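A look at the structure
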Amino acid sequence: MSLDRLAPALFVLLWSTGWVVAKYAALHSEPFTFLSIRYALSALAFLVLCLLMRAQWPTSWATWLRAIYSGFFLHGFYLAGLWWAIANGVPAGISGIIAALQPLLTAMAAPFLVGERLQQTQKLGLGLGFIGIAIAISPKLFDPATADLSHAALPLAINLIAMGSVTYGTLYQKKHLQSGDLRSIATLQYVGALILTLPLSLIFENQHFDGTAQACGALLWSVFGLSMGGVGLLLYLIRRGQVSRAASLIYLMPPAVALEAFVAFGELLTLPLIIGTAIVVMGVYMTNRRVVQQAQASV
């Protein structure tokens, strides 16, 4: 089976573990500190890969800056917001459901960035997606144990903003970085992400990382499984023009994350969570159905 067929499913499988790793890493490290170490090691790993494979580097400073700038959003703002939200009480399962907003947000941004108008079915899908998110997170917002509503609302809002960041980063990548070696571009993107998270760590955190075997295991998986494996596949899909296929498979991520969080942390599969997930799945499918059909028709 060709990589084109395997890449979207492998991407979702790897990407879905990111929420569990974030929850697990929060037990051993502060989020910005962990991400700074991860980005530094990821940039180093990609640099070694570039040197060993003699990857081509961008020939213009504009491309260098665009790669670093895209890393701010595709990795930096995105994971900084997501990991901070999880470290501050957002369950990994609910954060995984919010991840389903990425293709919905992409569909909303497409008319402004590429002039593509939404069909009625897509608009309905957007509406269903937001309804599903509201139902899924309702127990968190109205839990009697959470007396201060803002305590729950702020991390959820940051999580939502993070999804907007990765959406922008993905669209920017497709528009401005369609040429060049993906390995060198990925290296520069992690440099950009590090430029963001390192100051956040130094300003707001105590650089706590306990160095246990569990913490190091989470870090190694984050670098090689997620940063090199998952992100490498994402960049490959963007370059191959198959973002629509990846988006159509992202609807599998919320139940995958919820199941992984249930196994790893015992996060309950509540009725609102299950109903909200089902509605989000339907909304994402309706939003992307026309795009997927067009992609299949052009094959």
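See the structure shown above.
This write-up is about the structure you can find in this document.

Conventions and cut-offs
Residues numbered from 1 in each chain as written. Predicted model: local features only at pLDDT ≥ 70, side-chain atom pairs only at ≥ 80, totals over all residues. Heavy atoms only, no water. 1 Å grid on protein atoms, 1.4 Å probe; cavity = no way out; pocket = protein on both sides within 12 Å on 5 of 7 lines; lining within 4 Å. Points joined across faces, edges and corners; volume = space filled by probe spheres on them. Helix = DSSP H or I, 4+ residues; strand = E, 2+ residues; numbered from the N terminus. Nonpolar A, V, L, I, M, F, W, Y, C, P; charged D, E, K, R; others polar. Phe/Tyr/Trp six-rings, centres within 6.5 Å; stacked < 30°, edge-to-face > 60°. Buried < 20%, exposed > 50% of the residue type's maximum accessible area, 1.4 Å probe, protein only. Salt bridge = Lys/Arg side-chain N within 4 Å of Asp/Glu carboxyl O.

So, about empty space enclosed by the protein. If a probe the size of a water molecule is rolled over the atoms, the empty space left behind becomes visible. A full pass over the atoms with the stated rule returns 2 cavities of 30 Å³ or more. As for the largest cavity, its lining consists of Trp15, Gly18, Trp19, Arg38, His75, Tyr78, Leu79, Leu82, Trp83, Leu226 and Val231. Looking at the lining of the largest cavity, the elements that each hand over two or more residues are helix 1 (3–25), helix 3 (61–87) and helix 9 (213–239). Of the residues in the lining of the largest cavity, the class split is 8 nonpolar, 2 polar and 1 charged.

What follows concerns the packing of aromatic side chains. For any pair of aromatic rings, geometry is given as the distance between the ring centres together with the angle between the planes. Throughout the structure, instances matching the rule amount to 13 aromatic pairs. Measuring from centroid to centroid gives 5.1 Å for tyrosine 69 and phenylalanine 73, while their planes differ by 65 degrees, and the two rings are edge-to-face. Linking tyrosine 69 with phenylalanine 73, this pair stays in helix 3, spanning 4 residues, or about one helical turn. Aromatic pair tyrosine 168 and tyrosine 172: ring centres 6.0 Å apart, planes at 40 degrees, arrangement tilted. Here tyrosine 172 and tyrosine 168 lie together in helix 7 (residues 149–176), a separation of 4 residues that amounts to about one turn. Note on tyrosine 168: relative accessible area 31%, which makes it partly exposed. Taken together, the ring pairs in this structure connect Tyr69, Phe72, Phe73, Phe77, Tyr168 and Tyr172 into an aromatic cluster.

Another aspect to go through is the pattern of salt bridges. Side chains that differ in charge, positive against negative, can pair when their charged atoms come close. Applying the stated criterion across every chain, the model contains 1 salt bridge. Ionic pairing is found between aspartate 181 and arginine 183, a salt bridge with its closest N-O pair at 2.7 Å. With relative accessibility at 16%, the residue aspartate 181 sits in the buried group. The class for arginine 183 is partly exposed, based on a relative accessible area of 24%.

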